[in-house]
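What follows is the residue order along each chain.
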Amino acid sequence: MARPSLGEDSLSLDVIARAALRIIDSEGSDALNFRRLGKELGVAHMTVYRRLADLKVPLDGCVLDYLADSIPQLDPQASWADATEARFTALYEIIVAHPGIVAMRRGGPWLGPRVMQKLIEPQLAANLAAGMTPDQMVRAYRRMYLFTLGCACFTDHATPEAVVSRTRAALAALPPERFPAATENVEAILKGVVDHEVFYGGLRHLIRAADPGLGN
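Below you will find a few notes about this structure. (Residues numbered from 1 in each chain as written. Predicted model: local features only at pLDDT ≥ 70, side-chain atom pairs only at ≥ 80, totals over all residues. Heavy atoms only, no water.)

1. Regarding the overall build of the protein
Okay, so step 1: Looking only at helices and strands, the protein features 12 helices and zero strands.
Okay, so step 2: Element order for the protein, N to C, with α for helix and β for strand: α-α-α-α-α-α-α-α-α-α-α-α.
Okay, so step 3: Overall size of the protein, expressed as C-alpha extent along the three principal axes, is 65 × 50 × 25 Å.
Okay, so step 4: Out of the 216 residues in the protein, the part that is buried amounts to 38%. (Helix = DSSP H or I, 4+ residues; strand = E, 2+ residues; numbered from the N terminus. Buried < 20%, exposed > 50% of the residue type's maximum accessible area, 1.4 Å probe, protein only.)

And the structure:
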C-alpha cells in the first residue's frame, strides 16, 4: 500500500532513503525503481527523480549515505585497533540488516559523502596516523573491507534456519568414505555457517595482523 502523499518540499534525502530501504528489504533491490519508489511515497515517480537530480544525488548514494549515519562517531582518544573494529563492525551490521544494498552498488564504489565522512576517510587517515605507508594504508583497508563484505553477503543471515537446513542436506549427500572431515563434523560445520563470531573473530585477527603498534 502506498504511503500518504508527500509534497516535493517534504522529500528529504532521508525520507527517500527510508522508503527505498522498505522496498529493498521487503522485495529485493531489483524491485527498486523510480515508479515503485514514487508509489511508496505517494508521489509521481518524476517528482522523486527531479528531487534527486536537483540535489545531485544518485538513488543508490542516497540510500547508502543514509545508512552510513549509523556508523558511530568515535572518541578521538580511541586506539587505532578499537576504532577500526568499531567502524567495520558497524559496516557488517548494516549489511546484515539490509543485504539488498550490496546489489545496489552493481560493482561501483561506495563514495557518497557520508560514507566517505564516516568510514573511508577516517579509516584511511587513521591508518596513516598509525604509521602505515600509503600502500599499507590501502591494503589494510581493502583486506578488512572485503572480508566484511564477504562475511555479511555470502550467508543469508535473515533465514539462518533455512541456511542450516540446506547445508545439512548437502552434507548428508556426501559419501563419508570420501569426505570424512566434513561428514564426521556436521554439527561444528553447521554452527560455523551462521555464527557471527566467524566475522567478529576474523576481524580481530586482521586488525592484530595490521596493527602498527604491535610491530607488524
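2. As for the packing of helix α4 (residues 59-68) against helix α7 (residues 113-129)
Okay, so step 1: The contact between α4 and α7 brings their axes to 7 Å, and the two run at 35°. Taken as a pair, α4 and α7 cross one another with a handedness that is left-handed. From α4, L64, D65, Y66 and A68 reach across to α7, where they touch P113, R114, V115 and K118. (Axes fitted to C-alpha atoms, helices over the stretch in contact; angles between N-to-C directions. Left-handed = near helix turned anticlockwise from the far one by under 90°. Contact = heavy atoms within 4.5 Å.)

3. With respect to the environment of F147
Okay, so step 1: Its place among the elements puts F147 in helix α8 (residues 134-153).
Okay, so step 2: Residue classification places F147 among the partly exposed positions, given a relative accessible area of 24%.
Okay, so step 3: Counting along the chain gives 55 residues from F147 to Y92, while the straight-line C-alpha distance between them is 9.5 Å.
Okay, so step 4: Here F147 is in contact with V198, F199, G202, L203 and L206, once residues within four sequence places are set aside.

4. Details of α7
Okay, so step 1: Of all the bends in α7, the greatest reaches close to 35° and is centred on I120; the proline P122 follows between one and four positions later.
Okay, so step 2: In this structure, the buried side of α7 is in contact with α4, α5 (80-97) and α8. (Bend = angle between axes of the 7 residues up to and from the residue.)

5. Things to note about the state of the cysteines
Okay, so step 1: Counted according to the given criterion, the structure contains zero disulfides.
Okay, so step 2: Free cysteine: C151, not disulfide-bonded; nearest cysteine sulfur from C153 at 9.5 Å.
Okay, so step 3: What makes C151 buried here is its relative accessible area of 18%. (Disulfide = S-S within 2.5 Å.)

6. Points about the pattern of salt bridges
Opposite charge on two side chains makes pairing possible when the charged atoms of those side chains draw close.
Okay, so step 1: Per the stated rule, a full pass over the model turns up eight salt bridges.
Okay, so step 2: The partner of R22 in a salt bridge is E40, with the nearest N and O atoms 2.7 Å apart. Here R22, found in helix α1 (residues 13-27), pairs with E40, found in helix α2 (residues 34-41); they are 18 residues apart in sequence, far enough to count as distant.
Okay, so step 3: The salt bridge partner of D69 is R114, with a shortest N-O separation of 2.8 Å. Here D69, found in the loop between α4 and α5, pairs with R114, found in helix α7; they are 45 residues apart in sequence, far enough to count as distant.
Okay, so step 4: The class for D69 is partly exposed, based on a relative accessible area of 42%.
Okay, so step 5: The network of salt bridges with shared partners includes R22, E27, R36 and E40. (Salt bridge = Lys/Arg side-chain N within 4 Å of Asp/Glu carboxyl O.)

7. Comments concerning the packing of aromatic side chains
Okay, so step 1: In total, this model carries seven aromatic pairs according to the counting rule given.
Okay, so step 2: Relative to Y49, the ring of F34 lies with its centre 5.4 Å away and its plane at 80°, an arrangement referred to as edge-to-face. In this pair, F34 sits in helix α2 while Y49 sits in helix α3 (residues 45-55), placing the two residues 15 residues apart along the sequence.
Okay, so step 3: On the numbers, 5.7 Å between centres and 20° between planes, the contact of F147 with F199 is stacked. Pair noted here: F147 is in helix α8 and F199 is in helix α12 (residues 197-210), with a separation of 52 residues, a long-range link.
Okay, so step 4: Judged by its relative accessible area of 1%, F199 falls in the buried class. (Phe/Tyr/Trp six-rings, centres within 6.5 Å; stacked < 30°, edge-to-face > 60°.)

8. Quick look at the side chain of N127
Okay, so step 1: Tracing the sequence through the fold places N127 in helix α7.
Okay, so step 2: Among residues more than four places away in sequence, those in contact with N127 are W80, M132, M137, A140 and Y141.

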